[in-house]
Amino acid sequence: MSWEIVMGLEVHLQLATQSKIFSGSSTQFGASPNVQADAVDLGMPGMLPVLNEEAVRHAVTFGLGIGARIGQRSVFDRKNYFYPDLPKGYQVSQFFAPIVCEGIFEVPLENGSLYPIRITRAHLEEDAGKSVHDEFAHETGIDLNRAGTPLLEIVTEPDFRSAEQAVAYLKALHSLVTYLGISDGNMAEGSMRCDINISLRKQGSDELGTRTEIKNVNSFRFVERAIHSEYERQAEILERGGAITQETRLYDADQDTTRSMRSKEVANDYRYFPEPDLLPILIDEAYIDAVRQSLPELPTAKRERFLAEYGVSEYDASLLVPNHDMADYFESVARASGAAKLAANWILGDLSAALNRHELSITESPISAERLSGLVSRVEDGTLSSKLAKQVFDALWQGEGDADQIIAARGLKQVSDSSALEAMVTEVIANNPDQVAQYIAADEAKRKKLSGFFVGQIMKASQGQANPQMINQLLLEKLESQS
Amino acid sequence: MSVTPQDVEKVALLARLAISESDLPEVTERFSRVLNLVDELNTIDTESVTPMSNPHDMEQRLRPDIVTRDDNRKALMASAPAQEQGYFLVPKVID
């Protein structure tokens, strides 16, 4: 039997703030345990939360970024459950009146089309602390540095029908929130964590099956694998007439399987009620307008502009745009060199390969956009052949100055002087009578292959500096005149 | 609204309250009385009233996003029953 998969996603996005959502503790990642947890974060009696204005602004920015309706009167609620890393016994969240209401997020798919995902809501909440199970033999360690870190939980309707769509959505979301500057998007540090609600139904059915929820998946690759693994598990149960248990599951990457989280079964009754320690957040039109004015150019718009303004391919745009540092870098090189397609080729080719090899991000590139545009300009104006350009690129990477300095220092100028080239061609033909005879005897298809030999000889004699296009042309003329 | 002893046991579990077998009938009775009062309140027509989320007729004040708290771990952990390497220790939690 064939099953259709139906999924909705909940993303917990860590908002980029200096301090916590309700206290003045730092949110910096990687500190020693519990040094960034104050009395509010610890849930000490009598402590009162005070809301961080930047968290509110980030939430509204996100809402406007996806064209959602902003909840102009939003309210915090208590979500009640007991867990050692939640010292108050409740998480402050928003249940009845979230700050971001319904919206549509258009996800670019690989084929260039846009796939609309309905966003149900996005609400502000505080993160819990971290439980450490491995360090201690008989106890669990609790680190509350993360407790109170501002999160935006972004909830979708069950609009996903494949793992590929889910991953495309997460990548687009990651791109959007980093463009908006509301999150650093560092998935390795848990800045974006995903819960997947997943159920199966018979192809063609309109009814939803019983769903399970896979918690806290923190990489694109794991999301894809977790979905495939849970699909297999549910399909297997349904195939033999069994029933799916509605439950929370964890994805175990080592085993590539999901397993039930038994401890959460009884607790799925959160008894939400309004948080009496916080007042409603009121957001007026003037505030919304001000945030709207401050929105940067977003990925979808930038993509369209790159296609129109620079004539890059859909494929190149799909690689250049998602990371806004990459997009900015490209735009600097394209503008300074005036050769956008060449700029895209160099950035997505040699530069990306070198950055990957050295595990560097584009902002850490040893070659600045200005220097790469110097190289691109010299390729564009014919000074450098692509072969020489690679030498210059390596020298740029090593920090040997700008492109023109390297060309001068190494004497790398491409030879495009036709009389000099003609002399080389004549010489090579004179020195290789056997090959010339072979060439003359060969048919059209074979000739092409044989001419490569002569080009190779000339490039070797010129130490790679002969202009290959011109050589080809001169060579053909000479050889044709012999036959 | 009548409450069953099972409802009381469930709420007690969620709230981590220990209610002994012998106390259960009385607690059940008291729960029911409270909920009956709520039922009575529910008969009032509140269609035109905006739900109140806070008794103060004010809006939330916001604070600037500035770190104002330094490390105060030593003092804050002083009352913890068990700690090691900067962690609070609790009985082993297994998921």
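Numbers given for residues are sequential positions, taken from 1 along each chain in its written order. Chain labels run from A onward and ligand labels from 1 onward, assigned in the order the entries are written. Restriction of local features to residues with pLDDT of at least 70 applies here, the model being predicted, together with a cutoff of 80 or more for giving and counting side-chain atom pairs; totals for whole chains, interfaces and linings are based on all residues.

A. A look at the overall build of chain A. In this text, helices come from DSSP runs of H or I with a minimum length of four residues, and strands from runs of E with a minimum of two, each type numbered from the N-terminal end. From N to C terminus, chain A includes 15 helices and 16 strands. Summarising its shape, the C-alpha atoms of chain A cover approximately 95 × 55 × 50 Å along the three principal directions. Two residues qualify as a contact pair if the distance between their C-beta atoms, derived from the backbone, is within 7 Å. Within chain A, counting contacts between residues at least 6 apart in sequence, those at least 24 apart form 69% of the total.

B. Broad picture of the overall build of chain B. Along chain B, the regular secondary structure elements total 3 helices and 3 strands. Mapped in sequence order, the helices and strands of chain B form the string α-α-β-α-β-β. This radius of gyration counts C-alpha atoms alone. The globule rule is 2.2 Å times how many residues there are, raised to the power 0.38. Scaling as 2.2 N^0.38, a compact globule of 95 residues should have a C-alpha radius of gyration of about 12 Å, whereas chain B reaches 22 Å, well beyond that. Its C-alpha atoms give chain B principal-axis dimensions of roughly 55 × 45 × 25 Å. Any residue surrounded by 20 or more other C-beta atoms within 10 Å of its C-beta is treated as buried, while 12 or fewer makes it exposed and the intermediate range makes it partly exposed; C-beta atoms here are placed from the backbone. Across the 95 residues in chain B, those meeting the buried criterion constitute 5%.

C. Quick look at the interface of chain B and chain A. Counting residues at the interface gives 33 residues for chain B and 46 residues for chain A. Among the secondary structure elements, those contributing two or more residues to the side of chain B that touches chain A are helix H1 (5–14), strand E1 (62–63), helix H3 (73–77) and strand E3 (87–91) of chain B. Residue contributions to the side of chain B that touches chain A peak at 5 residues, all from E3 of chain B. When residues are grouped by polarity, Ala, Val, Leu, Ile, Met, Phe, Trp, Tyr, Cys and Pro land in nonpolar, Asp, Glu, Lys and Arg in charged, and all others, Gly among them, in polar. Tallied by class, residues from the side of chain B that touches chain A come to 16 nonpolar, 7 polar and 10 charged. Where strand E9 (residues 139–143) of chain A and E3 of chain B come together, 4 bridges link them in antiparallel fashion. Paired with Ile142 of chain A across the two strands is Phe88 of chain B, which belongs to E3 of chain B. Pairs of strands are assigned from DSSP output, requiring at least two bridges between the strands.

D. Molecular detail of the sheet that holds strand E4 (residues 77–80) of chain A. Strand order across the open sheet formed by 3 strands is E5-E4-E15 (chain A), with antiparallel pairing between neighbours. Strands at the two margins of the open sheet, each flanked by one partner only, are strand E5 (90–93) and strand E15 (273–274) of chain A.

Without other data, these values stay purely geometric and don't point to any function.
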